[in-house]
Amino acid sequence: MWRIAIIDDDRQVLAGMRNIIPWGELNAVYAGEAEDGKQGLELVRQANPDIVITDIYMPVMNGLEMLEALRQSGCTSRFVILSGYSDFEYARQALRLEVTDYLTKPVSIATIRNVLRKVIRSLEEEAAERQEQHELMEQVSQFRPYLEKECLKSLVTGSYDPRLERMRESGEIRLPEREFVVLAVEIAGSPRLIEPGRSDTHLFRFAVANIMEELLQARWPEAAVLELYYRYLAVLLPIPEHRPATDEQVNELCRMLTDEIRHYLQLSIRIGIGERQRGPRQIVLSTEQAFQALTDASGSLAGDGNIRRLPVIPGARMAGGRIRRVPFYQEVAESIRLLQEERTIRRIRAFVGEWTKDGGVFPEDVRRIAAELWTIFAYAVHEEGYSLEDLFADDAVQQELSRLQSPADLSQWFEEKTRSICRRLQRNGDNLRHRQAVDYMIEYIHAHYAEDIRLSDLADQVHLSRNYLSTLFRNATGETFQDYLTRVRMEKAKRFILEGKHLIYEVAEKVGYRNVPYFSTLFKKHTGMNPTDLLKGPIDAAADGRRKSEQFGT
């Protein structure tokens, strides 16, 4: 309801105004009246009306003096002046004091009503804008952790995101000028990863990221775990200024991560350790070194081939010179996955152009990066349910790769393969919009598993019917939307239970279940155990293996 106050030294005017204002039509209520400026001052301060209709010439304090005092105290009410004086000086002062309208007596009933309608319409628009701004701020607050993680991801991969760049420049996301180390993490080959379904690829990466986040929370709380593409993740380790970490401490952290992932998930991971770099802008250098270390077996730490550092050799250089492979691979993986033919080719050409500027490119560098890029192609296409081996004979591809001599050869070869991949897969009837809809659903589930997620709501967001979207999801992932959501929730529930910090009903709520018995039933169905059994102590390896096999459907 909008509150309207009336201030005038003429009682007939006060009574008349009360009668002619269409209170119900305007959704307004009477906020009070006063007969002079001093009384009006107190009335406005106490009642805080939205609109004030006031005369100018009144005893004790005139209307403009009252208005000036109110403005100085921060009053934001809308003022409509109704005066018998049309003096220009009065109008000038009223304009300076941000009066909404200035009417001279006598004034018609229709004019009063039209002015009030206009003022209230303006107030409604402002209220709607404030509400929209409030909701936007709530959304920003809700998604801030996601934005912060995306910002870190852009720094780690060296990719440019204008939105995140503005957040960094404005100070909304701050990273100090200290040293950072990047760990490149690869989920290594395993019987559990032989031809996994597309949803399993996401789930494996999600599960590894979850466990690593929880382990790092105790050992290195400022660390950030970032999912990249297919089997790859990155860990950003800020080095505390007051307690600099040694290389051996970083090595020990990596050993702990590989051991725990093997224990909890029966998966092997490989970790490449980048060199220390100072400042956010140099983080990508550590990333490049970390990923190159993954492919360089000569850098394996003593006694553990799964943890690698680049060997320090005076005068040695990175393969490919100063080019940035990680952001390139990240962008190409995304574009070829979406079958964006021209975007993929443009990015390859740009990469080769940058590479050529470095000079001194050796054929072995060309073949090495070509092999890495072809692997990225294979991974990205595999996530869409296809195999490059179905399109190209592997022996022929390897022979062609071995004959590449220069960056120009690499560019031409990949352009031909990109056009062939995109056109042949698109001829298979693959619908890009539908793939993007399923991608959105999978990402949404992983980000909002604790909320009340409904397929119908997601269908509205991607503008597809509920039944059709359900079919698309099942065809793409091999399981129903609800089954996939439940699997993600159960995986996270296990992590919470193993932490030992939460009661079972708290765990249930954290993963989206209010009904604890129902949660327990689902948990046992998917893990083979009751939630309370998981708290009792170590589980024998055989039972653990059976349970995890059930969970991942292997």
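Conventions adopted
- Residues numbered from 1 in each chain as written.
- Predicted model: local features only at pLDDT ≥ 70, side-chain atom pairs only at ≥ 80, totals over all residues.
- Heavy atoms only, no water.
- Helix = DSSP H or I, 4+ residues; strand = E, 2+ residues; numbered from the N terminus.
- Buried < 20%, exposed > 50% of the residue type's maximum accessible area, 1.4 Å probe, protein only.
- Lys, Arg positive; Asp, Glu negative; His and termini not counted.
- Salt bridge = Lys/Arg side-chain N within 4 Å of Asp/Glu carboxyl O.
- Polar contact = N/O pair within 3.5 Å; in protein donor to acceptor, adjacent residues only side chain to side chain.
- Contact = heavy atoms within 4.5 Å.
- Expected span 1.5 Å × (residues − 1).
- 1 Å grid on protein atoms, 1.4 Å probe; cavity = no way out; pocket = protein on both sides within 12 Å on 5 of 7 lines; lining within 4 Å.
- Points joined across faces, edges and corners; volume = space filled by probe spheres on them.
- Nonpolar A, V, L, I, M, F, W, Y, C, P; charged D, E, K, R; others polar.
- Phe/Tyr/Trp six-rings, centres within 6.5 Å; stacked < 30°, edge-to-face > 60°.
- Lys NZ or Arg CZ within 6 Å of the ring centre and 35° of its normal.
- Core = buried A, V, L, I, M, F, W, Y, C linked by side-chain atoms within 4.5 Å.
- pLDDT = per-residue confidence, 0-100.
- Pairing = 2+ DSSP bridges.
- Right-handed = clockwise from strand over helix to strand, strands pointing away.
- Arc of directions from axis to C-beta.

## Describing the side chain of aspartate 36
Relative to the elements of secondary structure, aspartate 36 occurs in the loop between strand S2 (28-34) and helix H3 (37-47). Of the side chains bearing the opposite charge, lysine 38 lies closest to the buried aspartate 36, which forms no salt bridge; the N-O distance is 7.7 Å. Within polar-contact distance, the side chain of aspartate 36 engages the backbone nitrogen of lysine 38 at 2.9 Å. Here glutamine 39 takes part through its backbone nitrogen, which lies 2.7 Å from a polar atom of the side chain of aspartate 36. What aspartate 36 contacts, discounting residues up to four positions off in sequence, is Ile7, Met58, Pro59, Val60 and Met61.

## Notes on helix H20 (residues 481-499)
The end-to-end C-alpha distance of H20, which contains 19 residues, comes to 28 Å, matching closely the 27 Å that a straight helix rising 1.5 Å per residue would cover. Across the 19 residues that make up H20, a large majority, 15, are buried. Backbone geometry just downstream of H20 places glycine 500 in the positive-phi region, at approximately 75°.

## A few points about the layout of surface pockets
There is about 620 Å³ of room inside the second largest pocket. Lining the second largest pocket are 27 residues, with Glu213, Glu214, Leu216, Gln217 and Ala218 positioned closest to its centre. Of all the elements in the fold, those that place two or more residues in the lining of the second largest pocket are helix H6 (109-157), helix H8 (198-219), strand S7 (224-227), strand S8 (232-238) and H20. When residues in the lining of the second largest pocket are grouped by element, the largest group, 7 residues, is from H8. Looking at the lining of the second largest pocket residue by residue, the class counts come to 17 nonpolar, 1 polar and 9 charged.

## Topic: the packing of aromatic side chains
Using the criterion set out here, one finds 17 aromatic pairs in the structure. Aromatic pair phenylalanine 351 and tryptophan 355: ring centres 5.8 Å apart, planes at 50°, arrangement tilted. Of the two residues, phenylalanine 351 and tryptophan 355 both sit in helix H12 (residues 341-358), 4 residues apart, roughly one turn of that helix. Pair check on accessibility: phenylalanine 351 and tryptophan 355 agree, each one buried. Members of the aromatic cluster, connected to one another through ring pairs, are Trp374, Phe377, Phe392, Trp413 and Phe414. If you follow arginine 424 out to its NZ or CZ, it ends over the ring of phenylalanine 392, 5.4 Å from the centre.

## Brief notes about the pattern of salt bridges
Following the criterion strictly, the structure yields 28 salt bridges and no others. Note that glutamate 341 and arginine 423 form a salt bridge whose closest N and O atoms lie 2.9 Å from each other. With a gap of 82 residues between them, glutamate 341 in helix H12 and arginine 423 in helix H16 (residues 407-427) connect regions that are remote in the sequence. We classify arginine 423 as partly exposed; its relative accessible area is 41%. In this structure, the salt-bridge partner of arginine 349 is glutamate 415, at a minimum N-O distance of 2.8 Å. Taken together, the residues arginine 349 in helix H12 and glutamate 415 in helix H16 connect sequence positions 66 residues apart. Given the relative accessible area of 44%, arginine 349 is considered partly exposed. Because the salt bridges share partners, they merge into one network encompassing Glu214, Glu491, Lys492, Lys494 and Arg495.

## A short note on the nonpolar core
The biggest cluster of nonpolar side chains holds 50 residues, and the ones touching the most others in it are Leu236, Trp374, Phe377, Leu388, Leu410, Phe414 and Ile421. With 10 residues, helix H13 (residues 363-383) is the largest single contributor of residues to this core. Among the nonpolar cores identified, the runner-up in size contains 35 residues, and Val438, Ile453, Leu458 and Phe519 belong to it.

## Some remarks on the confidence of the model for the chain
Model confidence for the chain is summarised by a mean pLDDT of 79, while 79% of its residues fall at 70 or above. Counted against residues more than four places away or in other chains, residues 313-322, with its pLDDT under 50, gives 17 contacts. Here residues 538-554 is a poorly scored stretch, pLDDT under 50, and it has 37 contacts once near neighbours within four places are set aside; other chains count.

## Here we look at the pairing of strand S3 (residues 51-54)
Taking every second residue as pointing to the same face, both faces of S3 are buried, with Ile51 and Ile53 on one and Val52 and Thr54 on the other. Relative to strand S4 (residues 78-83), S3 runs parallel, the two being bridged by 4 bridges. Among the inter-strand pairings, valine 52 is bridged to a residue of S4, identified as phenylalanine 79. Crossover handedness for the path S3 to helix H4 (residues 63-72) to S4: right-handed.

## Some details on helix H18 (residues 455-462)
Along H18, the residues that are buried comprise Leu455, Leu458, Ala459 and Val462. Angularly, the buried residues of H18 cover 105° about the axis, an arc narrow enough to put them on a single face. Histidine 463, located one to two residues past H18, shows a positive phi value of around 60°.

## Quick look at unusual backbone geometry
Most of the time, phi is negative for any residue but glycine, and the peptide bond is trans. Phi at asparagine 27 takes a positive value of approximately 55°, unusual for a residue other than glycine. Mapped onto the secondary structure, asparagine 27 falls in the loop between helix H2 (23-26) and S2. You can call asparagine 27 partly exposed: its relative accessible area is 35%. Within the chain, glutamine 266 stands out as a residue other than glycine whose phi angle is a positive 55°.

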